[in-house]
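Results of the structural survey
Chain by chain, the residues run as shown.
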Amino acid sequence: MRSRIAGTGSYVPAKVLTNADLERMVATSDEWIVERTGIRERHVAGPGEACSDLAVKAAERALAAAGISAADLDLILLATCTGDYPLPATACVIQHRLGATKAAACDLSAACCGFVYALSVADAYVKTGMRHVLIIGSEVMSGITDWTDRNTCILFGDGAGAAVISASENDRGILSTQLRSDGTLCDLIEVPGGGSRMPPSEKMVAERMQYIKMKGNETFKVAVRTLEDIARETLAASGLSVEDLDLYVPHQANIRILKAVASRLGLPPEKVMLNLDRYGNTSAASIPIALDEALRQGRIKEGSLVMLGSFGAGLTWASALIRW
Ligand code: COA
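Just so it is clear, the model here is predicted, and its values are computed rather than measured.

Around the ligand sit 23 residues, and of these T28, R36, G216, N217 and N254 come closest. One nitrogen or oxygen atom from the main chain of R150 is found 3.0 Å from a nitrogen atom belonging to the ligand. N217 has a polar side-chain atom sitting 2.9 Å from an oxygen atom of the ligand. Bound to the protein, the ligand loses 75% of the 960 Å² it would expose on its own. With four residues, the top contributor of residues to the shell around the ligand is helix α7 (residues 216-237). Class assignment of the residues belonging to the shell around the ligand gives a composition of ten nonpolar, ten polar and three charged.

The subject of this paragraph is the domain arrangement of the protein. Once the domains are mapped, the protein shows domain 1 (2-169) and domain 2 (175-323). Summarising the inter-unit geometry, the C-alpha centres of domain 1 and domain 2 are found 14 Å apart. Listed by partner, the interface residues are 48 residues for domain 1 and 44 residues for domain 2. Counting each side, the surface lost to burial between domain 1 and domain 2 is near 3,600 Å², with a carbon and sulfur contribution of 64%. Summed over the three residues of domain 1 that lose the most area to domain 2, namely C112, V116 and Y117, the buried surface amounts to 17% of that side.

Further remarks concern helix α4 (residues 90-98). Along α4, the positions that sit buried rather than exposed are T90, A91, V93, I94 and L98. Down the axis of α4, the smallest arc covering the buried residues is 155 degrees, so these residues share one side. As for α4, its buried residues are in contact with α3 (51-66), β4 (75-79), β5 (104-108) and β6 (132-139). G99 sits one or two residues past α4 and shows a positive phi near 75 degrees.

Criteria and thresholds
- Residues numbered from 1 in each chain as written.
- Predicted model: local features only at pLDDT ≥ 70, side-chain atom pairs only at ≥ 80, totals over all residues.
- Heavy atoms only, no water.
- Near = heavy atom within 4 Å.
- Polar contact = N/O pair within 3.5 Å; in protein donor to acceptor, adjacent residues only side chain to side chain.
- Areas by Shrake-Rupley, 256 points an atom, 1.4 Å probe, with all protein chains shown as cover.
- Helix = DSSP H or I, 4+ residues; strand = E, 2+ residues; numbered from the N terminus.
- Nonpolar A, V, L, I, M, F, W, Y, C, P; charged D, E, K, R; others polar.
- Domains from an automatic or database assignment.
- Contact = heavy atoms within 4.5 Å.
- Buried area = accessible area lost by both parts, 1.4 Å probe.
- Buried < 20%, exposed > 50% of the residue type's maximum accessible area, 1.4 Å probe, protein only.
- Arc of directions from axis to C-beta.

What follows is the structure, given as structure tokens:
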């Protein structure tokens, strides 16, 4: 028995922050950002707009695309590192607002890999009897971004993407998922303050420890290596090759990372889904937003072989192979 993606949806906040806007905030230039990252603009949440607000809108669109109602859901998994509160789980806020009265709900923390990790969990539950699982990646990265740090503030954006995972009636669907982690690299990308290691305090805020710190160069190299390795392992495990792929939907972190991975794999540009120029890196939301756009643009058809690939803080990396 297989699970399949029965419907997808996405939502980004209305406000757009362009590279020209960033030029007025830190010492940077549109030219530098486009050349080093491929990002031209990103969406950012307005005042009072939280993770669950974006997630609910993406989820409603995914439910409509799947043709089911929230009351049909057995489980809601929210992948995020920017939930509404430390407690309770933001998935419970979403469960209530959707009216998913029968669904269990919890959050999943795997940074930018959260959506693929959630897909893998949903796949396992549907294979063992659940009927419909809603998975969401939703992030308000603008809240943990240090807008005075040009090394990181140019990279991130806000948004949400969602998918309904249901039982497949044929042999198509999620063929395999691969999940990896390496905690020896946990200091590559981190938010040092605000947890039990460094609880919130005036000192913590004064030292700006509530914001993302990143070793960009090292992260870049590890990203290329892990994305290439897991793509090869994923295809080999299914007895498939790069030529069999119709579309690669990677985590949208940096155009240079994705070009390097595509070139090492021998993937032509038309088989790589890219939309980071308009959204930046939306962490756990990046793959479901890209997947939703690819579907709506007709780049994925019945029978298409699609591979998802992600990496992120932790370090985590993950992939999924899907026959549509
Ligand atoms: N505008 C202008 N100059 C900038 C800048 C900016 N926004 N950010 C950094 N610089 C400067 C640096 O200070 C450095 O100057 P120096 O040589 O005088 O010290 C110079 O540009 C080169 O910095 P470097 O860090 O080597 O640049 P890079 O080519 O590695 O690009 C990143 C930086 C962050 C774009 C790149 O490392 C990257 O994308 N890494 C991966 C990050 C990622 O994907 N994270 C999320 C994982 S989920």
